[in-house]
Amino acid sequence: MDPLLITLRLLHIFTGVYWAGTIFFFGTFLEPGIRALGPDGGKVMIKFFERGYLTFLPITAFIAVASGTWLLSIASSGFDPAWMGSSVGIMYSTGGLSAILAFAVGLGVMRPAALRIWDISRQLPQAADDAARAALMAQMGRQRARTGIAARIILVLLVIAVAMMAVARYA
Ligand code: HEM
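What this report covers is the structure whose coordinates are included nearby. Note that the coordinates shown come from a computational prediction; the quantities given were computed from them, not determined experimentally.

**Some points on the overall build of the chain**
A count of helices and strands for the chain gives six helices and zero strands. Of the regular secondary structure in the chain, the N- to C-terminal order runs α-α-α-α-α-α. Counting only C-alpha atoms, the chain reaches 65 × 25 × 25 Å along its principal axes. For the chain, buried positions account for 24% of its 171 residues. At a minimum sequence separation of 6, the contacts of the chain that also span at least 24 residues come to 82%.

Printed below as a string of structure tokens:
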């Protein structure tokens, strides 16, 4: 039993399961529920943000991607083209690439939009008048729409990643 492999697999599977599970729950139940609640739903997300959601989830996803890439380099003896071109290699790389794309969309689109929503929610109580409040609410609506679209893209990419991880070794 190789202690490095065991440690990497434990890290990889715990963080991968946590990341994908959180996104599956967010995309299928939480986001539609929050959207249906309107401004009250936004308050739930703000509580998540205050508890570190926007830091914790990217770190978890990063560990899943980094440990996965390390595992891939070990399994393929340093990304040997013959192994990478085999059906097992193609499946792990397709799943890995999907997860990396999901990470990029999360970091590049979803997180900045969520940070903007958090920022707007802190500005709202200080809004000078109804017009300023309405302008902030309109901005928030646009950012919420962006997070909704990004969440759906990430969900699809992670479904592909999980499916590939699940079946690759039997390919
Ligand atoms: C949502 C993200 C991910 C999840 C949920 C996930 C899940 C898993 C699971 C459950 C396994 C065990 C499969 C088995 O033993 O049959 C596994 C293995 C593996 N994953 Fe991932 N994974 C993710 C992302 C990645 C990424 C980004 C890469 C590489 C770029 C990667 C590369 C690998 C490799 C190479 C293995 C085989 C390890 C070995 O048996 O030595 N994974 N993954």
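So that's the structure; there's more coming.
**Things to note about the site of the ligand**
What surrounds the ligand is a group of 23 residues, the closest being G16, G68, G96, A99 and M165. Contributing elements (two or more residues each) for the shell around the ligand: α1 (3–37), α3 (53–75), α5 (87–123) and α6 (130–167). Partitioned by chemical class, the residues of the shell around the ligand number 16 nonpolar, six polar and one charged.

**Some details on the nonpolar core**
In this structure, A99, A102, I154, L158 and A161 are the most contacted members of the largest nonpolar core, which totals 26 residues. For this core, the secondary structure elements donating two or more residues are α1, α3, α5 and α6. Setting aside residues no more than four positions away along its own chain, L158 makes contact with A20, I23, A99 and A102.

**Structural notes on the packing of α1 against α6**
For any two helices packed against each other, the geometry comes down to the angle between their axes and how far apart the axes lie. The interhelical angle for the contact between α1 and α6, taken along N-to-C directions, is 150 degrees, at an axis separation of 9 Å. The angle between α1 and α6 falls in the class roughly antiparallel. Between α1 and α6 lies a crossing of left-handed hand. Listed contacts from α6 to A20, I23, F24, F26, G27, E31 and R35 of α1 are G148, A151, R152, I154, L155, L158 and V162.

**Some words on the packing of α3 against α5**
Where α3 contacts α5, the two axes come as close as 10 Å, and the packing angle between them is 160 degrees. Taken together, the axis directions place α3 and α5 in an arrangement best described as roughly antiparallel. With respect to the hand of their crossing, α3 and α5 are arranged in left-handed fashion. Residue-level contacts link L54, P58, A61, A64, V65, G68, T69 and L72 of α3 to Y92, G96, A99, I100, F103, G106, L107, R111, A114 and L115 of α5.

**Observations concerning α3**
Here α3 is 23 residues long and its end C-alpha atoms lie 32 Å apart, about the 33 Å a rise of 1.5 Å per residue gives. Considered for burial, the residues of α3 that qualify are L57, A61, A64, V65, S67 and G68. The inward-facing, buried residues of α3 abut α1 and α5. Looking one or two places after α3, you find S77, whose phi comes out positive at around 50 degrees.

**A short note on α6**
With 38 residues, α6 should cover 56 Å at 1.5 Å per step; its first-to-last C-alpha distance of 55 Å lies within 8% of that length. Considered for burial, the residues of α6 that qualify are M140, R144, T147, A150, A151, I154, L157, L158, A161, M164 and M165. Contact partners of the buried residues in α6: α1 and α5.

Conventions we followed
Residues numbered from 1 in each chain as written. Predicted model: local features only at pLDDT ≥ 70, side-chain atom pairs only at ≥ 80, totals over all residues. Helix = DSSP H or I, 4+ residues; strand = E, 2+ residues; numbered from the N terminus. Buried ≥ 20, exposed ≤ 12 C-beta atoms within 10 Å, placed from the backbone. Contact = placed C-beta atoms within 7 Å. Near = placed C-beta within 6 Å. Nonpolar A, V, L, I, M, F, W, Y, C, P; charged D, E, K, R; others polar. Core = buried A, V, L, I, M, F, W, Y, C linked by C-beta atoms within 7 Å. Axes fitted to C-alpha atoms, helices over the stretch in contact; angles between N-to-C directions. Parallel < 35°, antiparallel > 145°, perpendicular 65-115°, else oblique. Left-handed = near helix turned anticlockwise from the far one by under 90°. Expected span 1.5 Å × (residues − 1).

These figures capture arrangement, not role.
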